Amino acid sequence: MIKDILEKENLSKEDLLKLIQIEDPQELQLLLDKAYEIKLKYIGNKVYYRGLIECSNICIKNCRYCGIRKGNENVERFMLTKDDILEISQWIYENGYGSLALQSGERNDSEFVNFIEETLVEIQKNSNNSLGITLSLGEQTLDTYKRWLKAGASRYLLRIETTNRELFKKIHPNDEFHTFERRIKALKDLRTAGYQVGTGVMIGLPGQTYEDLVNDIIFFKENDIDMIGMGPYIIHEETPLGQEALGNILSDGKRFQLSLKMIALCRIYLKDINIAATTALHALDPLGREKGILAGANVIMPNATSKNIKPKYQLYRGKPNLNDDAIKGKLALEKSLKEVGEEVVYFKQGNSPHFYNRQK
Ligand code: SAH
Ligand code: SF4
């Protein structure tokens, strides 16, 4: 019985496999309610924001699922200037978000590494070192990770994408830059450098099984992950995987539901970590992020990048809010979160409790 499984303090792999396959709406509600109960216990009815700045869509990688992969010649490439980033950071700071996230395509040339380092120092100078800064800038060397941490970042998101190595191979080009081992090494280096380490997966990839997803959750636990950012895989038709996936993946509704189940299972299984309700959830459902919060997530990354740039940063199709300005998006989101009983916490970083509990 689902109810009995949800009463257990520690779930086995078999339990997780049963729960992820729930189809009955009442049983699904039991699962989501349990996850929300645990969220309330460990985090409270609180949501933390990270203002998301999409710094650049220039990328040296060619991930087969991603719209801004190097091989996509239809993309007009851009890179924000330091002043652009500082201006958006200032807006985030003044609006009390408490945290921001810098994301971009992957580059590892010294010009880029220096640019990020200098920008981090200035952002923190302008905010009296009060912002929690998350980076999502791909695989880098341990030395680069250390430099960026010292310059002011404290968290890093690098998704493992899938822990099924065969599937990982299928969704990436077959070369030395896109290996599973490199990704694992990068996650280890992030821990060594001292970050709150975040990872995650895409949900509903072609060929991905329930067991794969359960193994992903177990991987998060075994690697003592502090934060999770995961969401549905969404087709971008100008990509090789997008072409293969057309007509060959679960429906939008099913991928959305599976993503909610994944959030709920992660909350139940991992308890005190930070979990983001990601933009990709929002792309499949206008209330996707709110539903993600009610399934156990506690972090939202509202897009703060200015509106004339966002259309060029399309990892997948149908990215929401492309023409909304940041302020309108902020107020609407706060209101709809209030309606579901959640409070947005301003002027606090909202670090991963798990990270600090581990240090004790
Ligand atoms: N270049 C960095 C950060 C930008 S990509 C990196 O790769 O880590 C951030 C995430 O976007 C990726 O980890 C991937 O999980 C997600 N993503 C890319 N293409 C996607 C797609 N088509 N559908 C859903 N998520 C996608
Ligand atoms: Fe580049 Fe990240 Fe997209 Fe891969 S997922 S192509 S590293 S932006």
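Nothing here was measured: the structure is a model prediction, and the numbers come from that model.

Draft legend 1. Fine view of the overall build of the protein chain. A tally of regular secondary structure across the protein chain gives 15 helices and 11 strands. Taking 2.2 N^0.38 as the reference for a compact globule, 360 residues should give roughly 21 Å; the C-alpha atoms of the protein chain span a radius of gyration of 19 Å, in line with that estimate. The buried share among the 360 residues of the protein chain stands at 58%. Long-range pairs, those at least 24 residues apart, make up 75% of the contacts in the protein chain between residues at least 6 apart in sequence. Taken as a whole, the protein chain presents about 15400 Å² of accessible surface, with 51% of it coming from carbon and sulfur. Here the protein chain carries 50 positive and 50 negative side-chain charges, and the mean point of each set is 2 Å from the other.

Draft legend 2. Summary view of the site of ligand 1. Around ligand 1 lies a shell of 17 residues, among which Tyr65, Ser104, Arg159, Glu161 and Ile234 are the nearest. Tyr65 has a polar backbone atom sitting 3.1 Å from a nitrogen atom of ligand 1. In this structure, Arg159 approaches ligand 1 through a side-chain N or O atom, which is 2.8 Å from an oxygen atom. Taken by itself ligand 1 offers 540 Å² of open surface, and the protein chains cover 92% of this. Counted by class, the shell around ligand 1 contains 9 nonpolar, 5 polar and 3 charged residues.

Draft legend 3. View of the environment of Gln21. For Gln21, the position within the fold is in the loop between helix H2 (13–20) and helix H3 (25–42). Note: C-alpha distance between Gln21 and His354 (333 residues apart in sequence) is 28 Å. The contact partners of Gln21, leaving out residues within four places of it in the chain, are Tyr210 and Lys261.

Procedures and definitions
Residues numbered from 1 in each chain as written. Chains lettered and ligands numbered in written order. Predicted model: local features only at pLDDT ≥ 70, side-chain atom pairs only at ≥ 80, totals over all residues. Heavy atoms only, no water. Helix = DSSP H or I, 4+ residues; strand = E, 2+ residues; numbered from the N terminus. Rg over C-alpha atoms; globule rule 2.2 N^0.38 Å. Buried < 20%, exposed > 50% of the residue type's maximum accessible area, 1.4 Å probe, protein only. Contact = heavy atoms within 4.5 Å. Areas by Shrake-Rupley, 256 points an atom, 1.4 Å probe, with all protein chains shown as cover. Lys, Arg positive; Asp, Glu negative; His and termini not counted. Charge placed at Lys NZ, Arg CZ, Asp CG, Glu CD. Near = heavy atom within 4 Å. Polar contact = N/O pair within 3.5 Å; in protein donor to acceptor, adjacent residues only side chain to side chain. Nonpolar A, V, L, I, M, F, W, Y, C, P; charged D, E, K, R; others polar.

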